[in-house]
Amino acid sequence: MTSVDPHNGKNFWRKNSKSVPGSMRAVYGAMHPPITRSPRSSPRKESAVKKVEASDSFLDYQESVNDAWECGDDEFCVISDVKISNRIVQSAALSVINSHRSRQAPPDNLAELHNHLQPSLGTVHSQLPEVLPHPAVAGAHSTGAVLTYNPPVEGTLPLSRLDPSAALTHRTPVISTSGTERDMAKQDKFEELLSSSSTNLSELRKLSWSGIPPAVRAVTWRLLNGYLPANAERREDTLRRKREEYWSFVNQYYDTRHEDIYQDTFRQIHIDIPRMSPLVPLFQQVVVQRMFERILYIWAIRHPASGYVQGINDLVTPFFIVFLHEVVPKEEKVDTYDVELVAEEDRAVVEADSFWCMSKLLDGIQDNYTFAQPGIQTKVQQLGELVKRIDVNLHQHLQSHEIDYLQFSFRWFNNLLMREMPLCCTVRLWDTLHAEPDGFSHFVLYVCAAFLKYFSHHLMAQRDFQGLMLLLQNLPTSGWSDGEISLLVAEAFRLKYMFADAPNHLQAAKK
């Protein structure tokens, strides 16, 4: 089945390769994501029989800087006709992770880390063809250093916030706890509202929009998610029933994971789990990974219309981290805490609640993960048309360098921006998305538009395709905190207020 652009009648996905860097692979039921290629031909063979077109530059770019996770799993990675063994690919992926970690490590560790990684980097670089002439890219490939960008345009945000090469001396906590007088007063308002016999959800949304105090975030998310009833008398029975129901699903279905019909699903889940938030030690614990395997497998079995799609695993992590924070001692950091120390019954509660809240979220954006992923297709098109109205110079700049919105925003909508910012920022963003009506299905479009507009000056400073794509795939948000998210959602709300009710706000201007 082929999607057709209603404006010019051309096949919308015709020239896309099998995956955009950072895009997700669908398995079991979801068939294929919208980015497919005919198995009868390859870009190399096609280029021999037809003239190279403008969009082919993206194919060349993708082959040269493919996402570290898109390495063919247990097979071989092929880059410009050069086969690189799985061992070398894993070494390269490890270097990516450690390169990011090195920016957060104390200066004393940097020399030792560089010496440790240099042999594996040299092995990989010796087998890669020189296909990226951009000076910043060439420097990064030859030294393993963090990419540097053109000098920021006057009037942009401070470099310390936006420059990915700016080293951080400490890790930003996933759940930050603040004890200011203002924060305590806000928490008191939440507790008063939550302790009532029937919580006013409208008032709770208003109060939550600007951020939820960590101490009451878990119960607030359950309420706004629709998992917990507003009537206080029904909450205990509802939670007990739903948690028992989840574990009955585990007992009924989890043992089927090794059956032939489900092997591909479980294998992909098993591969994806260790890749989640690699800089957060919590998610590298075996006990945590097994919890995620059960959550994702049970969800896939119960939703055969879509099945498991790569990227859904990321959508569990905010719920998991927030609900785990409830049962971890207050003096401990949740992102480094040993989950084995948590009581088994508490772990069971965290797992069940994460499953049901993720299910509720996905129920509202199910068309993002069904065959051809029509929800994402629509949002990508809407994003381009919205940016054309709010920042025409940026839109024209991207078009003039043959940048298609699909090439970078597919991942944004598929993962709800989770891979574009630190986990602590995702948790804060989800406070607002939970508070906003249809936040995950509708408001997220304006968040993505505001996110792109936020980096407009830096994108305008890039003068070629490769520089733009590298920046779009690695936007410098490593130093972000709640302050940046507050600015982001405020701009998104302004855009929604201006354009959501405009009759033609998501349609191309009529000539």
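Residues numbered from 1 in each chain as written. Predicted model: local features only at pLDDT ≥ 70, side-chain atom pairs only at ≥ 80, totals over all residues. Heavy atoms only, no water.

### Concerning the pattern of salt bridges
Part 1 of the argument: In this structure the tally under the stated criterion is 15 salt bridges.
Part 2 of the argument: Lysine 206 serves as the salt-bridge partner of glutamate 203, at 3.8 Å between the closest nitrogen and oxygen. In this pair, glutamate 203 and lysine 206 both sit in helix α8 (residues 201-208), three residues apart, roughly one turn of the helix.
Part 3 of the argument: We classify glutamate 203 as partly exposed; its relative accessible area is 38%.
Part 4 of the argument: The residue arginine 275 makes a salt bridge to aspartate 272 at a minimum N-O spacing of 3.2 Å.
Part 5 of the argument: Residue aspartate 272 is classed as buried on the basis of its relative accessible area, which comes to 4%. (Salt bridge = Lys/Arg side-chain N within 4 Å of Asp/Glu carboxyl O. Helix = DSSP H or I, 4+ residues; strand = E, 2+ residues; numbered from the N terminus. Buried < 20%, exposed > 50% of the residue type's maximum accessible area, 1.4 Å probe, protein only.)

### Considerations on the packing of helix α11 (residues 260-272) against helix α12 (residues 286-302)
Part 1 of the argument: Contact geometry for α11 and α12: axes closest at 10 Å, N-to-C directions at 145 degrees. Here α11 runs over α12; the crossing is right-handed. Taking contact as the criterion, the partners of Tyr262, Thr265, Phe266, Ile269 and His270 in α11 are, on α12, Glu293, Leu296, Tyr297, Ala300 and Ile301.
Part 2 of the argument: Considering only residue class, the contact of α11 with α12 consists of seven nonpolar, two polar and one charged. (Axes fitted to C-alpha atoms, helices over the stretch in contact; angles between N-to-C directions. Left-handed = near helix turned anticlockwise from the far one by under 90°. Contact = heavy atoms within 4.5 Å. Nonpolar A, V, L, I, M, F, W, Y, C, P; charged D, E, K, R; others polar.)

### Here we look at unusual backbone geometry
Part 1 of the argument: With a phi close to 35 degrees, serine 277 is a non-glycine residue in the positive phi region.
Part 2 of the argument: The topology assignment puts serine 277 in the loop between α11 and α12.
Part 3 of the argument: In the Ramachandran plot, leucine 416 falls in the positive-phi region, its phi being about 55 degrees despite a non-glycine side chain.
Part 4 of the argument: Inspection of the secondary structure puts leucine 416 in the loop between α17 (406-414) and α18 (423-435).

### Things to note about the packing of aromatic side chains
Part 1 of the argument: Applying the stated criterion across every chain, the model contains 27 aromatic pairs.
Part 2 of the argument: Centre to centre, the rings of phenylalanine 283 and phenylalanine 292 are 5.8 Å apart; their planes meet at 90 degrees, and the pair counts as edge-to-face.
Part 3 of the argument: Given the relative accessible area of 0%, phenylalanine 283 is considered buried.
Part 4 of the argument: Through a chain of ring-to-ring contacts, three or more aromatic side chains come together here, namely Tyr405, Phe408, Trp412, Phe451, Tyr454, Phe455 and Trp480.
Part 5 of the argument: Over the aromatic face of phenylalanine 323 sits the side chain of arginine 222, whose NZ or CZ is 4.4 Å from the ring centroid.
Part 6 of the argument: Positioned above the aromatic ring of tryptophan 356 is the side chain of lysine 242, whose terminal nitrogen or guanidinium carbon lies 3.6 Å from the ring centre. (Phe/Tyr/Trp six-rings, centres within 6.5 Å; stacked < 30°, edge-to-face > 60°. Lys NZ or Arg CZ within 6 Å of the ring centre and 35° of its normal.)

### Let's talk about α11
Part 1 of the argument: Taking 1.5 Å of rise per residue, 13 residues should cover 18 Å, and α11 covers 19 Å from first to last C-alpha, within 8% of that figure.
Part 2 of the argument: Along α11, the residues that are buried comprise Tyr262, Thr265, Phe266, Gln268, Ile269, Ile271 and Asp272. (Expected span 1.5 Å × (residues − 1).)

Geometric values such as these leave the question of function open.
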